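Chain residues, written in single-letter form:
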Amino acid sequence: MVREHTRPAPRPLSPPAARGYSYPPTMPSAPPPPPKPSLPRAAALGLAGGLLLGGLGLFAAGLRGLFGTLECAGLSGPECELLQQATHELGRFQSLAGGALVALGSALFVLVRRRPPVPPAAP
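Note that the structure is a prediction, hence the values are computed from the model and not measured.

A. Structural view of the overall build of the chain. Secondary structure assignment for the chain yields two helices and zero strands. Expressed as a percentage of the 123 residues in the chain, the buried residues total 10%. The contacts in the chain between residues at least 6 apart in sequence include a share of 81% that link residues at least 24 apart. Accessible surface for the chain amounts to roughly 11,000 Å². Of this, 67% is attributable to carbon and sulfur atoms.

Given below as structure tokens:
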């Protein structure tokens, strides 16, 4: 009795099925996907930038009113004194409001900014 040597049927070529981890344990994990654009986040960042710039401008105008000199050419003594007092008080109010706008803009920026992902805890 002679046995015939038969070949097994060829297997189709395909990548091996993944078992367990998709990366070897010595390699770092895949980078996170890029963040998706967000319209509300962009609008809030624009608002924060506007608050910061407007607040800085108002603060500078208030400081100029507080510490700037006023020309009283052509005005009488009481008129000049009244104008100086009004400019001083308006400068105080403008610098206070400008500082508040800067604080609000900074707080909004801190709330809206992207935070880096938290690294996994070490074993």
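B. Looking closely at helix H1 (residues 39–67). Compared with the 42 Å implied by 1.5 Å per residue over 29 residues, the 42 Å span of H1 between its first and last C-alpha is a close match. What H1 keeps buried is the set Ala-44, Ala-48, Gly-55, Gly-62, Gly-65 and Leu-66. If you follow the buried residues of H1, they end up packed against helix H2 (77–112). Put simply, Ser-38 is the residue that caps the front of H1, since its side-chain oxygen is 3.3 Å from the backbone nitrogen of Arg-41.

C. Seen up close, H2. Under the 1.5 Å per step criterion, the end-to-end length of H2 is 52 Å for 36 residues, consistent within 8% with the ideal 52 Å. Those residues of H2 that fall on the buried side of the exposure criterion are Cys-80, Gly-91, Ser-95, Gly-98, Gly-105 and Val-112. Buried residues along H2 sit against H1.

D. Region of the structure containing the packing of H1 against H2. Two elements in contact, H1 and H2, have axes whose closest approach is 7 Å; the angle formed by their N-to-C orientations is 155°. Considering their axes alone, H1 and H2 lie roughly antiparallel with respect to each other. The way H1 lies across H2 gives a crossing that is left-handed. Here the residues of the contact of H1 with H2 sort into 19 nonpolar, twelve polar and two charged.

E. Molecular detail of the state of the cysteines. Within the structure shown, the criterion is met by one disulfide. Residue Cys-72 pairs covalently with Cys-80 via a disulfide, S to S 1.7 Å. Looking along the S-S bond of the Cys-72-Cys-80 disulfide, the torsion reads about 65°, which is the right-handed sense.

F. Region of the structure containing a nonpolar patch on the surface. Nonpolar side chains collect at one region of the surface, where Phe-59, Leu-63 and Phe-67 lie side by side and expose about 310 Å² of accessible area between them. For Leu-63, the position within the fold is in helix H1. Judged by relative accessible area, Leu-63 falls into the partly exposed class, the value being 32%.

G. The environment of Gly-99, seen in detail. Secondary-structure assignment places Gly-99 in helix H2. Under the relative-accessibility criterion, Gly-99 is labelled partly exposed at 31%.

H. Up close: the environment of Ala-97. Mapped onto the elements of the fold, Ala-97 is located in helix H2. The class for Ala-97 is partly exposed, based on a relative accessible area of 26%. Taking the C-alpha atoms as reference points, Ala-97 and Leu-58, separated by 39 residues in sequence, lie 7.3 Å from one another.

Here is what the cut-offs are and how they apply
Residues numbered from 1 in each chain as written. Predicted model: local features only at pLDDT ≥ 70, side-chain atom pairs only at ≥ 80, totals over all residues. Heavy atoms only, no water. Helix = DSSP H or I, 4+ residues; strand = E, 2+ residues; numbered from the N terminus. Buried < 20%, exposed > 50% of the residue type's maximum accessible area, 1.4 Å probe, protein only. Contact = heavy atoms within 4.5 Å. Areas by Shrake-Rupley, 256 points an atom, 1.4 Å probe, with all protein chains shown as cover. Expected span 1.5 Å × (residues − 1). Polar contact = N/O pair within 3.5 Å; in protein donor to acceptor, adjacent residues only side chain to side chain. Axes fitted to C-alpha atoms, helices over the stretch in contact; angles between N-to-C directions. Parallel < 35°, antiparallel > 145°, perpendicular 65-115°, else oblique. Left-handed = near helix turned anticlockwise from the far one by under 90°. Nonpolar A, V, L, I, M, F, W, Y, C, P; charged D, E, K, R; others polar. Disulfide = S-S within 2.5 Å. Patch = residues over 30% accessible without salt bridge, like charges linked within 9 Å, V, L, I, M, F, W, Y side chains within 5 Å. Salt bridge = Lys/Arg side-chain N within 4 Å of Asp/Glu carboxyl O.

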